[in-house]
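Fold and geometry: a report
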Amino acid sequence: MISWIQNHLIRHGRWIFLTLLAVIIVAFVFTIGNTPGFAPRMDGWEPDEFYGVNLNAPMEAAPIRERVFYSQLLATGRQPMSEQQIEEGLRVRIALLHLADRLGIPGPTESQLSAFVRTRPAFFNEEGVFSRDRYLRFVDDLDADPSSSPDVLFRVLEEDFRIDRVARRLGGPGFFVPAEATLVAEREHTTFALRVASKGIADFQPEIAIEDSALEAFFNNNAERYREPERIRASIVRFPVDPASIELSESDVAELYNSNRERFHSAYLAANPAPEGEEEEEVELNLERVRSLVESELRQQRTLRKSNELAHNFAFTLFDRGIARSASGFQNLLETKGVSPEEIQPFSVDEVRNRDLPANLLESAFALTENRYYTGAAQLNGYFGVLLLDGRTESYIPELAAVRDRVVADYREQERRRLFAERGSQMRQLLAATETGEAFAEVAEAEGWTVKDFGPFEFIEAPRELGRSVLEMLPTLSAGEVSPMITTGGEGRLVYVVSREVPAKEADAEAIVDAADMLARYSTFATTRSLLEELLEAGQVRR
């Protein structure tokens, strides 16, 4: 008998082909993005073929991006934090599914899929256990989301099952040398006692003379640091629509109200609470009571739709007539549409965030050319617009005089750190001459360094305050030895090993088993990562 999970999956996977056909038709007609979406030909846009998928074709890549989004949501219980995560996951997903096809890895059986569903963290409760309620709530939320494909959950689970099987084969069982596990266990359970002298870099402020010849040599050796990046010069054509110009029919207002009755009622009550200290009066809620809310929302929807049509038609006309930016037809079109381009501040690829226009729109400008100098209709703040490429400022290295203040500041900082490192070497020689921890502390404090004791502790349980740099050097130090100065966390540190006790050769058997397991898992991870990098590289079509 099919489990209750399968019943849900199959129920929500019905009419897949009819729905997909509708989605494809709609996407073909109304695609909005970096290309206007009015014809399959994309002049000036190179295809980005990756294992048979054109990543620059919205109809091919968009459904996969959607599945990447839900796959990451199911695997972590959280939505992806950035578009970059989705873009990286897109290629990985395509590559691994391609490999699954090559290896002949089948989709899951009913029982396998039911078991796999129970491993998805998005369906776990607070105790980390699969929750049927969370699963059902997730499915219901997905059904209520008009932007999601009806079969997306089934497709994601089926593909993730196959990807999981591929990943296991890529990594293998994990390989290690038994003696290595013993060494790791011995290192992790070695006991240390330390005395650490530290001094903040900010407290070290020597006098640094600035000589023109030294400054010029520093600039020439670090010229790339001051390179100005390529910048785009662009304009935006906006298509705002006056909400007052939108006419609303009574039937449309009633339809929107009837389909969202509870939401409008709740919004009305929230906006009109009873005065403090008085009981809330029972109010009869109907269309007339909330009409202003309904009409405002409907007018906003129609305004946005009209703006989208205007922007889309503008971009389509440029495309359809092949109008060059310098041609008189371009100016005539602007006058006909009653719009004019507004210049925006030039920007580099690293300067597209935190601006008035969407970052993805500005990023798309870098793919524009002299022939294809316009984007498709892009949503802005309450309306749509089209971005136009005005030109590019090529990357260049400025003259020293233009960036002298920056160069002086960087030169001073480099010299300060060099002198600080020299002082650290001198202090190490001074402290290495001491024979006890007490003498180490006395000398260090006399020179203005702060001294602190750590331990005894096992290496595997080392205090986090020591930092990674100290811990990486620690296994190389013997008792009574002073480390070279370690610069970390804005300070320099000199570590004196008060004591070091290595466990007996017959180390704890459990620790060796744990070390062996860790090495095997790391081997699996490294192998998987290496093969995946090769797979991603092989999938890119060379031009």
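Here is a short report on the structure shown in this document. Values in this document were obtained by computation on a predicted structure and should not be read as measured data. (Residues numbered from 1 in each chain as written. Predicted model: local features only at pLDDT ≥ 70, side-chain atom pairs only at ≥ 80, totals over all residues. Heavy atoms only, no water.)

1. Regarding the overall build of the chain
- Per the secondary structure count, the chain includes 18 helices and 10 strands.
- Counting all 543 residues of the chain, 38% fall into the buried class.
- For the chain, the proportion of contacts with a sequence separation of at least 24, taken over those separated by at least 6, is 74%.
- Of the roughly 32200 Å² of accessible surface on the chain, a fraction of 50% belongs to carbon and sulfur atoms. (Helix = DSSP H or I, 4+ residues; strand = E, 2+ residues; numbered from the N terminus. Buried < 20%, exposed > 50% of the residue type's maximum accessible area, 1.4 Å probe, protein only. Contact = heavy atoms within 4.5 Å. Areas by Shrake-Rupley, 256 points an atom, 1.4 Å probe, with all protein chains shown as cover.)

2. With respect to the sheet that holds strand 9 (residues 486–488)
- Spatially, the 4 strands line up as an open sheet ordered 8-3-10-9, and their pairing is antiparallel. If you trace the sheet from one side to the other, it starts and ends with strand 8 (450–458) and strand 9, each paired once. Within the sheet, the average angular offset between the axes of one strand and its neighbour, ignoring direction, is 35°.
- Pairing geometry for strand 3 (residues 191–200) and strand 10 (residues 491–501), over 10 bridges, is antiparallel. Note that in strand 10 the partner of Lys199 across the bridge is Gly492.
- Seen against the sheet, helix 15 (residues 404–432) touches strand 3, strand 9 and strand 10 and runs at an angle of roughly 30° to strand 10.
- Helix-sheet contacts for helix 16 (residues 437–446) involve strand 3, strand 8 and strand 10, and the interaxial angle to strand 3 is about 10°. (Pairing = 2+ DSSP bridges. Axes fitted to C-alpha atoms, helices over the stretch in contact; angles between N-to-C directions.)

3. Digging into the packing of helix 9 (residues 212–221) against helix 15
- At a closest axis distance of 10 Å, the pairing of helix 9 and helix 15 adopts a crossing angle of 95°. Between helix 9 and helix 15, the angle is such that the two are roughly perpendicular. In contact with Asp212, Ala214, Leu215, Phe218 and Phe219 of helix 9, helix 15 contributes Arg404, Val407, Val408, Asp410, Tyr411 and Gln414.
- Residues of the contact of helix 9 with helix 15, tallied by class, amount to 7 nonpolar, 1 polar and 3 charged. (Parallel < 35°, antiparallel > 145°, perpendicular 65-115°, else oblique. Nonpolar A, V, L, I, M, F, W, Y, C, P; charged D, E, K, R; others polar.)

4. Things to note about the side chain of Arg67
- Position of Arg67 relative to the elements: it lies in helix 3 (residues 58–76).
- Beyond its immediate stretch of four places on either side in the chain, Arg67 contacts Arg93, Val152, Arg155, Val156 and Glu159.

5. Focus: the pairing of strand 4 (residues 231–239)
- As defined by bridge partners, strand 4 adjoins strand 7 (residues 384–393) across 9 bridges and the pair is classed as antiparallel. For Arg231, the partnering residue across the bridge sits in strand 7 and is Thr393.
- Note: strand 4 against strand 5 (residues 342–343), 2 bridges, orientation antiparallel. What sits directly across from Ser235, in strand 5, is Glu343.

6. Digging into the pairing of strand 3
- Of all 10 residues that make up strand 3, 8 are buried, and the element is covered over most of its length.
- As judged from the 7 bridges shared by strand 3 and strand 8, these two strands associate in the antiparallel manner. Bridge pairing links Val196 to Lys452 in strand 8.

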